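Chain residues, written in single-letter form:
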Amino acid sequence: MQDILRQLEVVLHQRKTETPDSSYVAALYASGLNKILEKVGEESTEVILAAKDATPDHQADLVSETADLWFHTLVMLAQQNVPVSAVTDELSRRFGLSGLEEKASRSKPENTQERDA
C-alpha cells in the first residue's frame, strides 16, 4: 500500500512545478490552498453519502469516493510540504494503542500554568 502512496507523492510534487493547464493537480495548486481544502471537504461529504447508501453487495461508490478523498488529501499534504511518511509514521505509532489511550495522550490541560504555580 505504501508503494502507491509514495508513487503518488512523487507525481504530486512534480505537478507543483507544472503549468496549471498541464494537469488537474497543477491547476489545483495554482488555485491555492483554499480550493484544495474545498475539494477535501467536498470529497469528505461524498464519502459520507456513499457510506450511507452502501450495502454489502454494492460498495463501489464508497470505494471510489474514498479514493477521491484520499487523493485530494494527498494533494493537500503535498501542497503543505508534509510527507506521506509523516502520516504513515503517525499511524504506525498509534498501532497497538487503544483508541482511548491514544486520545488521552493528546489531551492537555487548558491552563497548565495555574496548576504548576
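Residues numbered from 1 in each chain as written. Predicted model: local features only at pLDDT ≥ 70, side-chain atom pairs only at ≥ 80, totals over all residues. Heavy atoms only, no water.

If you look the protein chain up in an unreviewed UniProt entry, it shows as Phosphoribosyl-ATP pyrophosphatase from Natronospirillum operosum. Quoted verbatim from the Sequence similarities (unreviewed entry) field of UniProt, the annotation for the protein chain is "Belongs to the PRA-PH family." Check the Subcellular location (unreviewed entry) section of the UniProt entry for the protein chain; it says "Cytoplasm". (UniProt positions renumbered as here; feature names shortened; annotations may be inferred.)

So, about the packing of helix α3 (residues 33–53) against helix α4 (residues 60–79). The N-to-C vectors of α3 and α4 enclose an angle of 160°; their axes lie 8 Å apart at closest approach. Viewed along their axes, α3 and α4 adopt a mutual orientation that is roughly antiparallel. The way α3 lies across α4 gives a crossing that is left-handed. Where α3 abuts α4, its residues Leu 33, Ile 36, Leu 37, Lys 39, Val 40, Glu 43, Ser 44, Glu 46, Val 47, Ala 50 and Ala 51 lie against Asp 61, Leu 62, Glu 65, Thr 66, Asp 68, Leu 69, His 72, Thr 73, Val 75, Met 76 and Gln 79. Broken down by class, the residue content of the contact of α3 with α4 amounts to eleven nonpolar, five polar and six charged. (Axes fitted to C-alpha atoms, helices over the stretch in contact; angles between N-to-C directions. Helix = DSSP H or I, 4+ residues; strand = E, 2+ residues; numbered from the N terminus. Parallel < 35°, antiparallel > 145°, perpendicular 65-115°, else oblique. Left-handed = near helix turned anticlockwise from the far one by under 90°. Contact = heavy atoms within 4.5 Å. Nonpolar A, V, L, I, M, F, W, Y, C, P; charged D, E, K, R; others polar.)

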